[in-house]
Amino acid sequence: SLETGERILHEFGEIPERLRDVSVSQNNVGKALFALNHSKEALTLHRAALTKCEHLLREFGVSAQRLSDVTLSQNYIGDVLLGLGKSQEAIALYRASLETDERILRDFGETESGLRDVSVLQERIGDALRENQPQEALTLYRASLLIRER
């Protein structure tokens, strides 16, 4: 549970596995809260998870897994913000997440799941832009389609 993970982290210290475990739990609780329409609480937890993920990168070094954890937290925050009607903030996070996923592909090599992550984010950004910026949305959808047709 989230409380147990935080207690272990506090009592036994910060090691990468413990920090990651807590961030994963924070995101899981945040997703459940968002599904229950508790958006502000969900946002708080997803932001706390992102803070832990960024701390892991700074303190313990870059890895594909750590970068991927950052993008997941950014996506969850973006989803909540979009649900709260804060589309510009959500799009900014989705774009940051896309840049990180593209970095993972560049720095750690292309994988099927990595390419899919990029494609999904292109679609997610396109969905958020479709109404007000349909041309940019179309460009993103086409880029996503190119990846999926590979």
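Described below are features of the structure shown in this document. Model, not experiment: these values are computed from the prediction.

### Brief notes about the overall build of the protein chain
1) Next: Counting its regular elements, the protein chain contains seven helices and zero strands.
2) Next: When the helices and strands of the protein chain are read in sequence order from the N terminus, they spell out α-α-α-α-α-α-α.
3) Next: Against the globule reference of 15 Å for 150 residues, the protein chain gives a C-alpha radius of gyration of 16 Å, in line with a compact fold.
4) Next: Look at the contacts in the protein chain between residues 6 or more apart in sequence, and 52% of them connect residues 24 or more apart.
5) Next: Summed over all atoms, the accessible surface of the protein chain reaches about 8700 Å², with 51% contributed by carbon and sulfur.
6) Next: Both charge centroids of the protein chain, one from 19 positive and one from 24 negative side chains, sit 1 Å from each other.

### Describing the nonpolar core
1) Next: By size, the foremost hydrophobic cluster in this structure holds 28 residues, and its most contacted members are Ile77, Leu81, Ile125 and Leu129.
2) Next: Put simply, the parts of the chain that give this core at least two residues each are helix H3 (39-60), helix H4 (64-83), helix H5 (87-108), helix H6 (112-129) and helix H7 (134-148).
3) Next: Of the residues forming this core, the biggest block, seven residues, is contributed by H5.
4) Next: Ignoring anything within four residues of it in the chain, the contact list for Ile125 reads Ile91, Tyr94, Arg95, Leu98 and Leu140.

Criteria and cut-off values
Residues numbered from 1 in each chain as written. Predicted model: local features only at pLDDT ≥ 70, side-chain atom pairs only at ≥ 80, totals over all residues. Heavy atoms only, no water. Helix = DSSP H or I, 4+ residues; strand = E, 2+ residues; numbered from the N terminus. Rg over C-alpha atoms; globule rule 2.2 N^0.38 Å. Contact = heavy atoms within 4.5 Å. Areas by Shrake-Rupley, 256 points an atom, 1.4 Å probe, with all protein chains shown as cover. Lys, Arg positive; Asp, Glu negative; His and termini not counted. Charge placed at Lys NZ, Arg CZ, Asp CG, Glu CD. Core = buried A, V, L, I, M, F, W, Y, C linked by side-chain atoms within 4.5 Å. Buried < 20%, exposed > 50% of the residue type's maximum accessible area, 1.4 Å probe, protein only.

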